[in-house]
Every structure is written in structure tokens, then in C-alpha cells.
Amino acid sequence: MSASDPVADMLTKVRNAAVARHEKVDVPASKLKLEIVKILKTEGYIKNFKKVQEDGHNVLRIFLKYDDENNSVIHGVKKVSTPGRRVYSGYKELPRVYNGYGTLIVSTSSGVTTGKKAAEKMVGGELICTIW
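Residues numbered from 1 in each chain as written. Predicted model: local features only at pLDDT ≥ 70, side-chain atom pairs only at ≥ 80, totals over all residues. Heavy atoms only, no water.

**Some thoughts on the overall build of the protein chain**
And step 1. Along the protein chain, the regular secondary structure elements total three helices and eight strands.
And step 2. Taking 14 Å as the expected radius of gyration for a compact globule of 132 residues, we find that the protein chain reaches 15 Å, a close match to that expectation.
And step 3. With 132 residues in all, the protein chain has 42% of them scored as buried.
And step 4. The long-range share in the protein chain, meaning contacts at least 24 apart out of those at least 6 apart in sequence, stands at 60%.
And step 5. Of the roughly 8,000 Å² of accessible surface on the protein chain, 49% is carried by carbon and sulfur atoms.
And step 6. Once the 22 positive and 14 negative side-chain charges of the protein chain are each reduced to a mean point, those two points are 4 Å apart. (Helix = DSSP H or I, 4+ residues; strand = E, 2+ residues; numbered from the N terminus. Rg over C-alpha atoms; globule rule 2.2 N^0.38 Å. Buried < 20%, exposed > 50% of the residue type's maximum accessible area, 1.4 Å probe, protein only. Contact = heavy atoms within 4.5 Å. Areas by Shrake-Rupley, 256 points an atom, 1.4 Å probe, with all protein chains shown as cover. Lys, Arg positive; Asp, Glu negative; His and termini not counted. Charge placed at Lys NZ, Arg CZ, Asp CG, Glu CD.)

See the structure below:
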């Protein structure tokens, strides 16, 4: 079964694995998903990730991060753009997530980046998701 929105499927798998306190989660790999996972790593939402080959398919293995009380670092993930409703924003109108404590992931003409970096570069784009 192919997903109509593979990025939303990946975010749902990560959210569900974090709630269930799994150590890792595997998602099918793509270039966009790899860029999103790199941002999650640099922003401190996951421990690590690696690209592995399983049964002839590329898979992203994402290692989840927990605090000292074994609570997930990821409190919530929300997909903004969907296949039926694309959401775009200029750099001046980029929304803030939880008053700056969350992260907005944006697909710009210069690549996938966070909302803060897109505003610094003065580029807007498609709002992919928010994470806090």
C-alpha cells in the first residue's frame, strides 16, 4: 500500500513510536524525508539516524530521544501542508511554533530548512510541519 502523503506517514510513525517509548523506528527513505530527519537531529528531537538497506529497499532508521524520566523529547508533531492543501508563506509571515520553543520545517528554493534559518536567509516556501 502506498501512502498518498509519505512525509505525514513518517511523522505519524515517529509520533507513535515516541508515545510507545520505542528505541527506534524504521521509515522508507526519500530525499525529502532525509532532509527532515537531519533537521530533527540538529534541533535535538532525535538521538541519531542512519540510512540502511533492508530487503533491497532504502530505509531510514531513526533513534528516538528521551529525557531522564523516560519521557519523549518530542511532545507533538503537526503536518501543515497536505496533498490537498498546500500552505506557502513569505519569510515575513512565517509562523512561530510555541512562541519560539518549537521548530517549523520549511521547504524553500534553497532547500529544506527551519523557519528561523529561512527568515534569516529571507526566503519563504512551503510549510511542511511543526514539531515541539
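**Some points on helix α1 (residues 6-19)**
In an α-helix there are 3.6 residues to a turn, and that puts residues three or four apart on one side.
And step 1. With 14 residues, α1 ought to run about 20 Å at 1.5 Å a step, and its terminal C-alpha atoms sit 20 Å apart, in line with that.
And step 2. Downstream of α1 by a residue or two, R21 has a phi angle that is positive, lying close to 60 degrees. (Expected span 1.5 Å × (residues − 1).)

**Overview of the pattern of salt bridges**
And step 1. For the coordinates displayed, the defined rule picks out five salt bridges.
And step 2. The closest approach of N and O atoms between K38 and E35, which form a salt bridge, is 3.5 Å. Within this pair, K38 and its partner E35 are both found in helix α2 (residues 31-42), separated by three residues, close to a single helical turn.
And step 3. A residue is classified by how much of its surface remains accessible, and E35, at 30% relative accessible area, is partly exposed.
And step 4. For R61, the salt bridge is made with E54, and the minimal N-O distance between the two is 2.6 Å.
And step 5. On the basis of relative accessibility, which here comes to 35%, the residue E54 falls in the partly exposed class.
And step 6. The network of salt bridges with shared partners includes D26, E54 and R61. (Salt bridge = Lys/Arg side-chain N within 4 Å of Asp/Glu carboxyl O.)

**Description of the packing of aromatic side chains**
And step 1. On inspection of all chains with the given rule, the structure shows one aromatic pair.
And step 2. Judged by centre distance (5.0 Å) and plane angle (35 degrees), the ring pair of Y98 and W132 falls under tilted. Of this pair, Y98 sits in the loop between β5 (88-89) and β6 (103-108) while W132 is found in the segment after β8 (125-131), placing the two residues 34 residues apart along the sequence.
And step 3. Among the residues examined, Y98 registers a relative accessible area of 52% and is labelled exposed. (Phe/Tyr/Trp six-rings, centres within 6.5 Å; stacked < 30°, edge-to-face > 60°.)

**Remarks on the pairing of β6**
And step 1. For β6, a buried count of five out of six residues is recorded, marking the element as mostly surrounded by other parts of the structure.
And step 2. In terms of strand pairing, β6 meets strand β7 (residues 111-114) through four bridges, oriented antiparallel. From the neighbouring strand, V106 faces β7, where its bridge partner is T113.
And step 3. The antiparallel pairing of β6 with β7 creates a hairpin that spans two residues between the two strands. (Pairing = 2+ DSSP bridges.)

**Quick word on the side chain of S72**
And step 1. Among the secondary structure elements, S72 is positioned in the loop between β3 (57-64) and β4 (77-79).
And step 2. The buried category is assigned to S72, whose relative accessible area is 14%.
And step 3. A polar atom in the side chain of S72 sits 3.1 Å from the backbone nitrogen of I74.
And step 4. Dropping the residues within four chain positions of it, S72 is found in contact with A18, K65 and Y66. (Polar contact = N/O pair within 3.5 Å; in protein donor to acceptor, adjacent residues only side chain to side chain.)

Coordinates in, geometry out; function isn't part of it.
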